[in-house]
Amino acid sequence: MTTPAESLRSLARTRASLDGAEVTYWWSGSVYAWAPDEPYERLFGFEGVNVARLVHDAEDGPDSHRLLSREAAFYLDPATGDILESWRDLPVVHIWNDPANQKWRPFPVPATDLGAQVCFSLEIPLSYPSPLPVAQYPLHSAGDTYTALELFQFFARREDLAGPAPGVPATMSWTRMSPWAPWMTRGQRPGGLTYHCRGRKLAAYTEVPERTRAYIAGHHPEFARAPETWSEPNETSWTYFRRLHPPA
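First, a word on scope: everything that follows refers to the structure included in this document. (Residues numbered from 1 in each chain as written. Predicted model: local features only at pLDDT ≥ 70, side-chain atom pairs only at ≥ 80, totals over all residues. Heavy atoms only, no water.)

### As for the side chain of Ser 17
The residue Ser 17 is located in the loop between helix H1 (4-15) and strand S1 (23-34) in this model. With a relative accessible area of 7%, Ser 17 lands in the buried category. A polar side-chain atom of Ser 17 sits 2.6 Å from a polar atom in the side chain of Asp 19. With residues up to four places along the chain from it excluded, the contact list for Ser 17 reads Ala 12, Val 23, Leu 54, Pro 166 and Gly 167. (Helix = DSSP H or I, 4+ residues; strand = E, 2+ residues; numbered from the N terminus. Buried < 20%, exposed > 50% of the residue type's maximum accessible area, 1.4 Å probe, protein only. Polar contact = N/O pair within 3.5 Å; in protein donor to acceptor, adjacent residues only side chain to side chain. Contact = heavy atoms within 4.5 Å.)

### What about unusual backbone geometry?
Cis geometry marks the peptide bond from Asp 98 to Pro 99, where omega comes out at 5°. Residue Glu 232 is joined to Pro 233 through a cis peptide bond whose omega torsion reads 0°. At Thr 185, a position not held by glycine, the phi torsion is positive, near 50°. On the basis of relative accessibility, which here comes to 32%, the residue Thr 185 falls in the partly exposed class.

### Observations concerning the packing of aromatic side chains
According to the stated counting rule, one finds 19 aromatic pairs in the structure shown. For the ring pair Tyr 25 and Phe 154, a centre distance of 5.7 Å and an interplane angle of 80° mean the geometry is edge-to-face. A residue pair is termed long-range when its members are at least 10 positions apart, and Tyr 25 in strand S1 and Phe 154 in strand S10 (residues 145-157) qualify at 129 residues. Under the relative-accessibility criterion, Tyr 25 is labelled buried at 2%. With centroids separated by 5.9 Å and ring planes inclined at 90°, the aromatic side chains of Trp 87 and Trp 183 adopt a geometry described as edge-to-face. You can see Trp 87 sitting in strand S4 (residues 86-87) and its partner Trp 183 sitting in the loop between strand S11 (171-178) and strand S12 (192-202), a full 96 residues away along the chain. For the residue pair Trp 87 and Trp 183, the accessibility class agrees, reading buried in each case. An aromatic cluster is present here, built from Phe 44, Phe 46, Tyr 75, Trp 87, Trp 174, Trp 183 and Tyr 195 joined pairwise through their rings. Positioned above the aromatic ring of Trp 180, the side-chain terminus of Arg 186 is 4.5 Å from the ring centre. (Phe/Tyr/Trp six-rings, centres within 6.5 Å; stacked < 30°, edge-to-face > 60°. Lys NZ or Arg CZ within 6 Å of the ring centre and 35° of its normal.)

Written out as structure tokens, the structure is:
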């Protein structure tokens, strides 16, 4: 991994597969609330699935790719692990991001040598105009600027990366610091949420827990497959909430 192109190729084999095969990641964890002068509180369990395929992006050069993906994630009862439909008398809006696409061009991917493993780190600070302006969504928006921090780590065995396979087994971690979810109706109250999860690349979508596959099949069955073609813009929890609740 001495050049940006080689570095991206290794990340691509870890995150997806160079032969365009569908790749499923599954993760689980917790969502914590934080606010000034208040103790941290574990509000939810959390579970998610991303199904993706990697395609060569000839328009951007010989070493560029497009990741075509959908991802669904669910807020869980922190005690029972059941998928929540309501919380404190509020309807829960789960995460249905379609698409969740990315354009990849060669860059020096941050990587840490862990001996038998290599860790690829993607640290993504976000700040852009909120799809939910306060004037239109006073109960659902923390501010007119959406600010968050997404922290990804992907772990692969060095021995696997040295081999010829188009994709390699991998595990991952994900942490996000974000405003309150819009459906929580906390408005501009100081504080927000921290998501802390870990997961792995599955051999097939059928390895996703049966309960979760059944929920996806019963609500949005298309999330069991990766998109066939590129589309934009990406969906987020905030744009999805706006689609469900257009401004008056």
